Amino acid sequence: MSEYIKKPFKKENGIFSFTITDLETKKVTEFYKVTPFPNYKDDDNKQTILEKGNRNILAQKFKNFIGYKKKVLEVGCGTGQLSIYFSLGTNNKIVGLDPTIESLKLAKNFAIKNEINNIELVNADIFDDVLIEDYFDFVWCNGVLHHTKNPYKAFEILSKSLKNNGYILIGLYNKIGRLRTIFRKYLSKLFGVKFLEIFDPTLKNLKISNEERKSWIKDQYFHPIESLHTLDEVLRWFDKNDIKYINSIPSCDFEISQNYDNLFEENPRGSFYSRLINQIFMIFNRLGSDGGLFIVIGKKNIKNTSK
Ligand SMILES: C[S@@+](CC[C@H](N)C(=O)[O-])C[C@H]1O[C@@H](n2cnc3c(N)ncnc32)[C@H](O)[C@@H]1O
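A. Spatial organisation of the overall build of the chain. Regarding its fold elements, the chain presents 13 helices and nine strands. The C-alpha radius of gyration computed for the chain amounts to 19 Å, which stays within 12% of the reference 19 Å derived for 307 residues, consistent with globular compactness. When the backbone C-alpha atoms are referred to their principal axes, the chain occupies close to 50 × 50 × 40 Å. For the chain, the residues scored as buried account for 55% of the 307 residues in total. Nonlocal contacts in the chain, meaning residues at least 24 apart in sequence, comprise 73% of its contacts between residues at least 6 apart. When the accessible surface of the chain is summed, it comes to about 14,500 Å², and 54% of that surface belongs to carbon and sulfur atoms.

B. Layout of the site of the ligand. In the vicinity of the ligand lie 21 residues, with G76, D98, P99, T100 and D125 positioned nearest. G76 places a polar main-chain atom, nitrogen or oxygen, 2.7 Å from a nitrogen atom of the ligand. D125 has a polar side-chain atom sitting 2.8 Å from a nitrogen atom of the ligand. When the ligand is considered free in solution it has 600 Å² of accessible area, and contact with the protein chains removes 93% of it. With three residues, the single largest contributor to the shell around the ligand is helix α1 (residues 23-34). Among the residues forming the shell around the ligand, the class breakdown is nine nonpolar, eight polar and four charged.

C. Looking closely at the sheet that holds strand β2 (residues 15-17). Read from one edge of the open sheet, nine strands run β1-β2-β5-β4-β3-β6-β7-β9-β8, paired in mixed fashion. Each edge of the open sheet is held by one strand with a lone partner, namely β1 (10-12) and β8 (243-249). Across the sheet, the mean angle separating the axes of adjacent strands is 20 degrees when strand polarity is ignored. Those strands touched by helix α11 (residues 231-240) are β7 (162-173), β8 and β9 (293-300), and its axis lies near 20 degrees from that of β9.

D. Expanded view of the side chain of S289. Mapped onto the fold, S289 is located in helix α13 (residues 286-289). Polar side-chain contacts of S289 include one of 3.2 Å to the backbone oxygen of R286. In this structure S289 touches R180, R184, D200, P201, T202 and M282, once residues within four positions along its chain are discounted.

E. Quick look at the packing of aromatic side chains. Within this structure, the stated rule accounts for 23 aromatic pairs. Seen in terms of ring centroids, Y4 and F16 are 6.3 Å apart; in terms of plane orientation they differ by 80 degrees. Their pairing is edge-to-face. Taken together, the residues span a long stretch of sequence, with Y4 in the segment before β1 and F16 in strand β2 at a distance of twelve residues. For F16, a relative accessible area of 4% gives the class buried. Their ring planes at 80 degrees and their centres at 5.6 Å tell us that F62 and F138 sit as a pair that is edge-to-face. Here F138 lies in strand β6 (residues 136-142) and F62 lies in helix α3 (residues 57-66), a separation of 76 residues in the sequence. This pair shows no difference in class: F62 is buried, exactly as F138 is.

F. Quick look at the pattern of salt bridges. What the rule picks out here adds up to 17 salt bridges. With its nearest N and O atoms 3.4 Å apart, the salt bridge here joins D129 to K6. A residue pair is termed long-range when its members are at least 10 positions apart, and D129 in the loop between β5 (119-123) and β6 and K6 in the segment before β1 qualify at 123 residues. K6 sits in the partly exposed class, given a relative accessible area of 39%.

Reading guide: rules and limits
- Residues numbered from 1 in each chain as written.
- Predicted model: local features only at pLDDT ≥ 70, side-chain atom pairs only at ≥ 80, totals over all residues.
- Heavy atoms only, no water.
- Helix = DSSP H or I, 4+ residues; strand = E, 2+ residues; numbered from the N terminus.
- Rg over C-alpha atoms; globule rule 2.2 N^0.38 Å.
- Buried < 20%, exposed > 50% of the residue type's maximum accessible area, 1.4 Å probe, protein only.
- Contact = heavy atoms within 4.5 Å.
- Areas by Shrake-Rupley, 256 points an atom, 1.4 Å probe, with all protein chains shown as cover.
- Near = heavy atom within 4 Å.
- Polar contact = N/O pair within 3.5 Å; in protein donor to acceptor, adjacent residues only side chain to side chain.
- Nonpolar A, V, L, I, M, F, W, Y, C, P; charged D, E, K, R; others polar.
- Pairing = 2+ DSSP bridges.
- Axes fitted to C-alpha atoms, helices over the stretch in contact; angles between N-to-C directions.
- Phe/Tyr/Trp six-rings, centres within 6.5 Å; stacked < 30°, edge-to-face > 60°.
- Salt bridge = Lys/Arg side-chain N within 4 Å of Asp/Glu carboxyl O.

Purely geometric numbers; function is a separate question.
Structure, rendered in structure tokens:
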């Protein structure tokens, strides 16, 4: 029995499990099976995960904003570091969903070893739509939808499981902001992976193990499924699914200084031109050098509940 899963499942090794049948999703799970992402260091423990999470300003602000006694879903949790970070020191209930069982097993082992009891894992494909509607207070889905066969459909499905007034955060590769990475990707085909070690600014500064490094390079440069998106596109997704735009990185409007302190306060959507220019700026700032991921935060806002 599970109060938030609506379809029959098996429970294997403590993980709620569904059979992955979709061929595109299988391609992705085959990819992550070999190099689970983001993976753990041998000596990772609660403290190191907490420290790493606190250094990630977006995750840290999100965790603070969640507060206590909330239900949080991480879609595409991979090896679950972030889900574990969100669970640590709180009485929130965290659910991590991912189709790659090898990644979830690493998450489960870590949770067992470190006696973390407020996290549950679901081995499923978003497109199998296994979660009930109107259940979670927060949904976090960062770096996932652009690796699926139909990012909009996936968004539609996962936003249904969000409660009214709940918050959703999605992170996607930007069509303009990722240009530098795409350029490096083509050059690495000519000059080999060594080229990336020299010319990828993020990679040069990453202080991670060799295993994590391998996963990171494969994920950024050799992924079998990858699509690119824009702020305007996500605003349309929000509008179609009763999600009110709250904030984004980069912001939609010119006036907004990027201040992480008011991340969850409602901000103007700007104009087509302000959004375009802010996305062009990504090419030249840290967002672009980090792979061109942009973040959009929304709040479910069903005006007519009889609908
Ligand atoms: C780049 S990793 C991101 C992992 C994690 N969100 C993070 O930021 O570290 C992408 C994740 O999306 C998951 N994923 C890909 N297709 C999916 C699908 N159809 N349903 C659910 N998760 C999916 C993969 O298994 C993988 O763990």
